[in-house]
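A closer look at the structure
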Amino acid sequence: MSLELFSVGDPIADTAAPTDVPIGERWSERKFRARLVNPANRRKLSVIVVGTGLAGGSAAATLAEAGYKVKSFWFQDSPRRAHSVAAQGGINAAKNYRNDGDSVHRLFYDTVKGGDFRARENNVHRLAEVSTSIIDQCVAQGVPFAREYGGLLDNRSFGGTQVSRTFYARGQTGQQLLYGAYQALERQIGLGNVETHPRTEMLDLIVVDGRARGIVARDLITGQISTHFADAVVLGSGGYSNVFYLSTNAKGSNATAIWRAHKKGAYFANPCYTQIHPTCIPVAGEYQSKLTLMSESLRNDGRVWVPKERGDKRDPRDIPEAERDYFLERKYPAFGNLVPRDIASRQAKNACDEGRGVGPNGLGVYLDLTDAIQRLGRPAIEAKYGNLLDMYAQITGEDPYATPMRIYPAVHYTMGGLWVDYDLQSSIPGMFVIGEANFSDHGANRLGASALMQGLADGYFVLPTTIANYLADGPFEKVDETHPAAVEARQAVQTQTEKLLSINGTRTVASFHRELGRLMWDLCGMERSEESLRKALDRIPELKQEFWTNVKVSGEQGTFNQNLEHAGRVADFIELAELMCVDALHRNESCGGHFRVESQTPEGEALRDDENYAYVAAWEYTPDGTPPVLHREALEYEYVHLAQRSYK
């Protein structure tokens, strides 16, 4: 494509990984080469951690346990309200408890392949290695994983694999894992090692002499804007799915922390890589505010199907087997209903586009547990999935034990995020990014049950080692609120806040968010084309202009004002949406969750262009409306050979 929407800068490279040793030795070698901070010096060093989900909570607890002074920030009323609590299905680990052929190398391979060969080998292999330690850590904390008859931890399968490596606690694995991290964090809070800032939102990053040294934050109860300082800053603030308005994320989930850091110089990598989850309860109405996920784990026992004939409106229980199309089993016999999420989502959409969708608006397919109930009995299904099925019944008014569930794809997870190196350090020295907030481990599509794995790997095991290598240079020069960089950052936040409150237009913040979400879903959602993306890039600047001249933000700054919170987040979403569309337009290939209609196989599968696009797209922010700058990080594959993905 022409470069009118961006310019090309110098290539970027990850220089932190020790590539002079085999991949299986690189994490051990990095830990050995990394400089250490002795216990006495750790007490002199401070770290800000933004977010208390699995990544942020585990990082804050572990760093405090190690002896650093930690300052923890979260915008909920309690750390245990972080959105990690909503994760359902499980957490992957290469334990091979089932003796079914699993291994660190197989988890590594499955993850690279599942990401459609757009992830870094080094980071993914480390994740697979560390996965085995995560389970031991969590069991020691008392996380109540499901167990089989003999007392061993149970496993189930998830999409994109042919082994059972997913550890789970019914349909509430994220909640139980988060409570484990929360109790570890609370222990350190009780010991006085963690300074807490609840109901506080990060609104800017303070960069001093090229290093991240603090943040500007707003107290969401009092409205007070304040500055906070440390020797390093860690962002564990999650992903940006709510740019689509309707997603499976909590309404409070937002991109402000990472977007404001991006505007201060942190590169944003692969923003167009967004994941559509195949098993969501379908949209029920035009003014619905969020969507509800049904765990992918249900595809272990549930069979996905639609009627063979278009327009078949019969009760699903009245449609005989011969008139049903189990399309995933038919098209992908090797993996069946456990194909990766991007493939399952696209095939569900295709079935609905053919006129074979089910439900009131034809945007749904069936997820049918009938066979499993007959084979295993209802009590066994209740033990595995009971809370999920109860939730489905409460939302839809339908009994999933008696009638097949209706599901449809929805925006769920974002594989893009701030660019980091092997040490999880961003392009701004001293700012580290963990969990879903970074881009590093999942390529163009995340395998189910790997989000919890990455969050805990980063927080418990990776960051505490790599951040020490950076902090070994400290303590750094003392910085306080009088420093020019701090004054400038705080004033910028104050100015934007005052501007939002002064516009006094006629449109609500929610109306802008809803329009942006519909635009992104229609034009940069499950399918993208040059035509749709250029249409989006024509409309988004207009929407931005209208937002900043006609939005109505009621209330005042110095008080509890959720309308003001939402306005700042939507302003960031509008800018991020534009970058997402630029990234999607420039990547003229299909890979994983990024599906360009111009680039597909004769069978309708994603068609990569490895010769031209086997790289990470790391975007540099440019002020004053000038186009962003693209920095390419070449992806090299030594241990997993590039191949057209096949799950047949």
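Just so it is clear, the structure is predicted and the values come from calculations on it, not from any experiment.

Looking at the sheet that holds strand β17 (residues 417-418)
Strand order in the open sheet formed by 5 strands is β1-β22-β21-β11-β17, with mixed pairing between adjacent strands. Because the sheet does not close on itself, it has two edges, and the strands there are β1 (7-8) and β17. Direction of pairing for strand β21 (residues 615-620) relative to strand β22 (residues 629-634): antiparallel, over a ladder of 6 bridges. The residue bridging E620 from the neighbouring strand is V629, located in β22. Against the sheet, helix α16 (residues 562-586) engages β11 (268-269), β21 and β22, with an angle of about 145° to β21.

Some words on the pairing of strand β15 (residues 365-368)
Burial along β15 is two-sided: V365 and L367 and Y366 and D368, pointing in opposite directions, are all buried. Across 3 bridges, the pairing between strand β13 (residues 303-307) and β15 is antiparallel. Residue V304 lies in a different strand from β15, and its bridge partner there is L367. Strand direction decides the pairing type here: β15 and strand β16 (residues 405-414), joined by 3 bridges, are antiparallel. Its bridge partner being in β16, L367 is matched across the sheet by M405.

What to know about the state of the cysteines
Applying the stated rule across the entire model yields 0 disulfides. C524 carries a free sulfur, and the closest cysteine sulfur to it, the one in C581, is 4.2 Å from it. Taking the relative accessible area as the measure of exposure, C524 reaches 0% and is therefore buried. Free of any disulfide, C591 has its nearest cysteine sulfur in C272, 6.6 Å distant. Judged by relative accessible area, C591 falls into the buried class, the value being 0%.

Things to note about the environment of L367
You can see L367 is positioned in strand β15. On the accessibility criterion, L367 (0% relative accessible area) is buried. L367 sits 63 residues away from V304 along the chain, and the two C-alpha atoms are 4.6 Å apart. Every residue in contact with L367, bar those within four places of it in the chain, is listed here: T279, L298, R299, G302, R303, V304, P404, M405 and I407.

Details of the layout of surface pockets
There is about 760 Å³ of room inside the second largest pocket. If you go around the second largest pocket, you meet 31 residues; those closest to its centre are W259, K263, K544, E575 and Y621. Going through the elements one at a time, β7 (200-208), α7 (256-263), α13 (484-503), α15 (530-550) and α16 are the ones with two or more residues in the lining of the second largest pocket. When residues of the lining of the second largest pocket are assigned to their parent elements, the largest contribution, 7 residues, is made by α13. Partitioned by chemical class, the residues of the lining of the second largest pocket number 13 nonpolar, 6 polar and 12 charged. For the lining of the second largest pocket, the domains that each give at least three residues are domain 1 (3-87 + 109-145 + 170-274 + 413-471) and domain 3 (484-611).

Here's the deal with the nonpolar core
Among the nonpolar cores identified, the biggest contains 174 residues, and I91, L235, M431, L471, M520 and F547 are the most heavily contacted of them. A total of 14 residues in this core trace back to one element, the largest contributor, which is α16. Apart from the residues lying within four places of it in its own chain, the contact partners of F547 are L500, I503, F512, A567, V570, A571 and I574. With 11 residues, the next largest nonpolar core counts V208, V216, A485 and V493 among its residues.

What to know about empty space enclosed by the protein
Per the stated rule, a full pass over the model turns up 3 cavities of 30 Å³ or more. Approximately 150 Å³ is the volume attributed to the largest cavity. If you trace the largest cavity, you find 14 residues lining it, with L203, R260, T497, L564 and G568 closest to the centre. Within the residue set of the lining of the largest cavity, elements represented by two or more residues are β7, α7, α13 and α16. When the residues that make up the lining of the largest cavity are grouped by side-chain class, the tally is 5 nonpolar, 4 polar and 5 charged. Two domains each provide a minimum of three residues to the lining of the largest cavity, namely domain 1 (3-87 + 109-145 + 170-274 + 413-471) and domain 3 (484-611).

A closer look at the packing of aromatic side chains
This model, assessed by the stated rule, comprises 16 aromatic pairs. With 6.3 Å between their ring centres and 50° between their planes, W305 and Y326 make a pair best called tilted. With W305 in strand β13 and Y326 in the loop between β14 (324-325) and α8 (327-331), this residue pair connects regions lying 21 residues apart in the sequence. Given the relative accessible area of 0%, W305 is considered buried. Classification of Y326 by relative accessible area gives buried; the value is 10%. Their ring planes at 35° and their centres at 5.3 Å tell us that Y470 and F476 sit as a pair that is tilted. Each member of the pair, Y470 together with F476, is buried. Put simply, the rings of Y97, F145 and F167 touch in pairs and so form one group of aromatic residues. The aromatic ring of Y422 is capped on one face by R126, whose charged end is 4.1 Å from the ring centroid. In this structure, R156 is placed above the aromatic ring of Y168, and the distance from its NZ or CZ to the ring centre is 3.7 Å.

Definitions and limits used
Residues numbered from 1 in each chain as written. Predicted model: local features only at pLDDT ≥ 70, side-chain atom pairs only at ≥ 80, totals over all residues. Heavy atoms only, no water. Pairing = 2+ DSSP bridges. Helix = DSSP H or I, 4+ residues; strand = E, 2+ residues; numbered from the N terminus. Contact = heavy atoms within 4.5 Å. Axes fitted to C-alpha atoms, helices over the stretch in contact; angles between N-to-C directions. Buried < 20%, exposed > 50% of the residue type's maximum accessible area, 1.4 Å probe, protein only. Disulfide = S-S within 2.5 Å. 1 Å grid on protein atoms, 1.4 Å probe; cavity = no way out; pocket = protein on both sides within 12 Å on 5 of 7 lines; lining within 4 Å. Points joined across faces, edges and corners; volume = space filled by probe spheres on them. Nonpolar A, V, L, I, M, F, W, Y, C, P; charged D, E, K, R; others polar. Domains from an automatic or database assignment. Core = buried A, V, L, I, M, F, W, Y, C linked by side-chain atoms within 4.5 Å. Phe/Tyr/Trp six-rings, centres within 6.5 Å; stacked < 30°, edge-to-face > 60°. Lys NZ or Arg CZ within 6 Å of the ring centre and 35° of its normal.

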